[in-house]
Structures are given as C-alpha cells and as structure tokens.
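Examination of the molecular architecture
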Amino acid sequence: MKQKIVSGMRPTGKLHLGHYLGVIDNWVQLQNDYDCYYFVADWHALTTKYDKTSELKQDILNVVMDWLACGIDPNKSTIYVQSLIPEIAELHLYLSMVTPQNWVERDPTLKDMAKILKTKEGTNTQISYGLMGYPVLMTADILMFNADLVPVGIDQVAHVELTRDIARRFNNVYNTDFFKEPQPKLNNCSLICGLDGNKMGKSYHNDIKISDTAEDTSKKIMSAITDRTRLRKDDLGHPDECEVAFKYWKIFGNDAETGTVRSECEQGLRGCAQCKRELGAKINERLVNIREKRNYYENHIDEVKDILKTGSQKAKEDAHVILDKVRSIVQMY
Ligand code: TRP
C-alpha cells in the first residue's frame, strides 16, 4: 500500500509563481508515488477572516483552478474542501480535549499571527478561541486520514511536530496505537523572490500570478529590479548582484541559457531591457500550457465544482471510517 500524504492551502485567491514553484509543483510530483489528499483550508481562513467571507467561495475555486492547471490530477489525488468534511470538526473536538493549553500557547506561528493582527488596521485585533485552536485544527486535518507524511514549508514544521505530540498523547490517554505520528516532508524547491527582490506575496504587490496573461507577465518582468550598479547598457554587469532578473534566469533557463546570459552580461553585451524581454518570453513559455488549462477551467467552472464534490465525497467516506474508530476508542455513546 502507498503511503498517505495530506496537505492543505488556505483559500487566498489566485495563486502566484511562489506557490507554483514552492508548493504545487512538489505536490504534482508526489502524486505518482503516494496516496495524496489535497484540500482547501477554508476553516483556517476563518480563524483570521471570519468577518470577511464574501469572496471565500470564489477564492476556493480560484485556488483549485490553479491546482488543476498546474497538474494536480483528480484521478490520482483526492481534492476536497475542508469544511465539506464535518468529521474533521468532530475529530478536532476530541483532540482539543487531550491537548494541554500551554501546547497551543507556545505555538510560534500563532505568536507571529497575533503580532500581524495587532498591526493591521481595520481588522480584528482579538485572538479568538478559534484562532487559538488553529494548530489543533491542523492536527485534525492530518490525523483525519492517518497521514504518514505532510509536505510543508519550513514555517509549518512546528505544527507537524505538534501533530506528532498530540497523536502520541491521544494514544497514551486511550491506551491505543491508533494514530500514526506523521513526519513533515520538506521540499527542496527553489524559493522565488518577488519582482522587487523581497519575498513574493500577494499583499506586497510584487507577484506574478499563475493566471496572469503572457502580456501582463512580460510587463511585470520589465519592472523587475536588476543590477543597481549598472547604469548604461554596455557597462559591465554583475549577474550575481542582479537582484531579481538573473535569479529568475537560474530558475527558468537551462544551464546553457543561464551561461550565455551570465557571460553576455559580464561583458556588457546584453542590456537589462533586452535581458528582461527574453526572460519574460522564457517564463511565458514555461506557463503556456498551464494557462491554457486554467482558461479551460475558467470556462468550465461546473467541472471544477464537480471535481470538488466528488473529491469531498471520497474524503468524507474515508474520514467517516476513521472517526467511527476514534469514537469507539474514546468510548462515546
Ligand atoms: N497551516 C497551513 C498554512 O497556513 C495550511 C494547512 C492547514 C495545512 N491544514 C493543513 C497544511 C494540514 C498541511 C496539512 O499554510
């Protein structure tokens, strides 16, 4: 039997190249060797945005369209919406009973989130009971399918550690070995910076969306920062000090292309404008099929909804089996 993988993403709307290269492409590879469960964490979105839900449905669809376009395959993986599996909420309740309060209080991500909430104007500055429970909810997501591995970024590893702690605690309390202790699976993907050289992020307005048109992408690339010490096109360039463009070349170009760009830049034979024009074309080449597929789903939104319905049904059936066992272990009525 294949090992099981569970991973989720918040419904933040249209995804960018950071998501594609850092997360989704990795998920796509894993589909062949593991039994994968990929879900949209809409309850997690509520922990901080419970008062801003008007776009939630559309955001979920946008995330899933990006997944499908990038190659997440509903015939290989189970794709679902967290809130369509109420079993997760019930499991969350049982897990919350055995989780000591100080285990969630010391969660580092929660502390960061509290800080961010406090500095954002116009948002609720209170940490709600639901937000406190965020790490336990994530634990429920993972244990609901008794996952072996959880592909996450480095910032989420502490949560998977907590999941292991809670699984062990549940097993101890009820004298069972029912829950596996899942392992975090870090990916070795390249991190892509934003157009301004900082971390790529929607709220920094420095991102390229998977769903951007080729034209928009080319325009955005022309605004990318290059080598700040270089004023004229025939000045000798310093690719290693180029803040964005050359870094992108290393991600999107092959060795020969990157080599040519480097030597032409260093000899002052390639201006930054020309370099970025070619780079834009290169990135668009990589995304052409993905964008075509995404367009297809935009125009066949019912297919997307069907995929989510079928996936959620399957996830619900699997979750039901686990929850029945948990209820009986806890000796519920
Ligand atoms: N907490 C994750 C994030 O903010 C999303 C998430 C929720 C998740 N539940 C999960 C990831 C379960 C992996 C497994 O990115």
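Residues numbered from 1 in each chain as written. Predicted model: local features only at pLDDT ≥ 70, side-chain atom pairs only at ≥ 80, totals over all residues. Heavy atoms only, no water.

A separate point is the overall build of the protein. Within the protein, the secondary structure is distributed over 14 helices and 5 strands. For the protein, the C-alpha radius of gyration of 22 Å lies close to 20 Å, the compact-globule estimate for 333 residues. Considering only C-alpha atoms, the protein reaches an extent of 80 × 40 × 40 Å along its principal axes. Within the protein, the fraction of its 333 residues that count as buried is 48%. For the protein, the exposed surface amounts to about 17100 Å²; the carbon and sulfur share of it is 51%. Side chains of the protein carry 44 positive and 47 negative charges; the gap between the two charge centres is 2 Å. (Helix = DSSP H or I, 4+ residues; strand = E, 2+ residues; numbered from the N terminus. Rg over C-alpha atoms; globule rule 2.2 N^0.38 Å. Buried < 20%, exposed > 50% of the residue type's maximum accessible area, 1.4 Å probe, protein only. Areas by Shrake-Rupley, 256 points an atom, 1.4 Å probe, with all protein chains shown as cover. Lys, Arg positive; Asp, Glu negative; His and termini not counted. Charge placed at Lys NZ, Arg CZ, Asp CG, Glu CD.)

The next subject is the site of the ligand. Taken together, 13 residues sit near the ligand, with Phe 39, Tyr 134, Met 138, Asp 141 and Gln 156 positioned nearest. Interatomic distance of 3.4 Å between a side-chain N/O atom of Arg 10 and an oxygen atom of the ligand. Asp 141 places a side-chain nitrogen or oxygen 2.7 Å from a nitrogen atom of the ligand. Look at the ligand: alone it shows 370 Å² of surface, and the protein chains cover 89% of it. If one sorts the elements of the shell around the ligand by residue count, helix H8 (residues 134-143) sits on top with 4 residues. Residue composition of the shell around the ligand, by class: 7 nonpolar, 4 polar and 2 charged. (Near = heavy atom within 4 Å. Polar contact = N/O pair within 3.5 Å; in protein donor to acceptor, adjacent residues only side chain to side chain. Nonpolar A, V, L, I, M, F, W, Y, C, P; charged D, E, K, R; others polar.)

The subject of this paragraph is the environment of Arg 10. Counting through the fold element by element, Arg 10 comes out in the loop between strand S1 (4-9) and helix H1 (17-30). Residue classification places Arg 10 among the partly exposed positions, given a relative accessible area of 26%. Spatially, the C-alpha atoms of Arg 10 and Val 40 are 5.8 Å apart, while their sequence positions differ by 30 residues. Not counting residues up to four positions away in its chain, the partners in contact with Arg 10 are Ala 41, His 44, Ala 45, Thr 47, Thr 48, Val 63, Met 113 and Tyr 134. (Contact = heavy atoms within 4.5 Å.)

This paragraph deals with helix H13 (residues 272-299). An ideal rise of 1.5 Å per residue puts 40 Å on 28 residues; H13 measures up with 38 Å between its terminal C-alpha atoms. Along H13, the largest kink reaches about 50 degrees and is centred on Leu 287. (Expected span 1.5 Å × (residues − 1). Bend = angle between axes of the 7 residues up to and from the residue.)

Tracing the chain through its elements places Arg 291 in helix H13. According to the relative accessible area criterion, Arg 291 is buried, its value standing at 11%. Between the C-alpha atom of Arg 291 and that of Ala 69, which follows or precedes it by 222 residues, the distance is 6.9 Å. In contact with Arg 291, other than residues within four places in its own chain, are Ile 208, Lys 209, Ile 210, Asp 212, Thr 213, Ala 214, Thr 217 and Asn 284. A polar atom in the side chain of Arg 291 sits 2.7 Å from the backbone oxygen of Asp 212.

Here helix H12 (residues 255-266) is 12 residues long and its end C-alpha atoms lie 16 Å apart, about the 16 Å a rise of 1.5 Å per residue gives. Among all positions in H12, only Thr 258, Val 261 and Cys 265 are buried. With its buried residues spanning 60 degrees around the axis, H12 presents them on a single face. Opposite the buried face of H12, by more than 90 degrees, sit the exposed residues Asp 255 and Ala 256. Buried residues along H12 sit in contact with helix H11 (245-252) and H13. (Arc of directions from axis to C-beta.)

Time to look at the nonpolar core. It is characteristic of soluble globular proteins that their nonpolar side chains tend to be buried jointly. Counting residues in hydrophobic clusters, the biggest one holds 55 residues, and the most contacted among them are Leu 17, Ile 24, Trp 67 and Tyr 248. For this core, the secondary structure elements donating two or more residues are S1, H1, strand S2 (35-40), helix H3 (56-70), strand S3 (78-81), H11, H13 and helix H14 (301-330). No other element matches H3, which puts 10 residues into this core. Residue contacts for Ile 24: discarding those within four places in its chain leaves Met 9, Leu 15, His 19, Trp 67, Cys 70, Ile 72 and Ile 210. Membership of the second largest hydrophobic core comes to 39 residues, among which are Ala 41, Val 98, Phe 179 and Val 326. (Core = buried A, V, L, I, M, F, W, Y, C linked by side-chain atoms within 4.5 Å.)

The subject of this paragraph is the state of the cysteines. Summed over all chains, the structure comprises 0 disulfides. The thiol of Cys 265 is not disulfide-bonded; the next cysteine sulfur, from Cys 272, is found 6.3 Å away. (Disulfide = S-S within 2.5 Å.)

As a further point, take the pattern of salt bridges. Per the counting criterion, the structure on display carries 20 salt bridges. In this structure, Arg 164 and Glu 181 form a salt bridge, with 3.7 Å as the shortest nitrogen-oxygen distance. One end of the pair, Arg 164, is in helix H9 (residues 157-173); the other, Glu 181, is in the loop between H9 and strand S5 (183-186), with 17 residues separating them in the sequence. Taking the relative accessible area as the measure of exposure, Arg 164 reaches 17% and is therefore buried. We classify Glu 181 as partly exposed; its relative accessible area is 30%. Measuring nitrogen to oxygen at the nearest pair gives 3.3 Å for the salt bridge that ties Asp 318 to Lys 314. Residue Asp 318 and its partner Lys 314 are located together in helix H14, separated by 4 residues, close to a single helical turn. Under the relative-accessibility criterion, Asp 318 is labelled partly exposed at 24%. On the basis of relative accessibility, which here comes to 33%, the residue Lys 314 falls in the partly exposed class. (Salt bridge = Lys/Arg side-chain N within 4 Å of Asp/Glu carboxyl O.)

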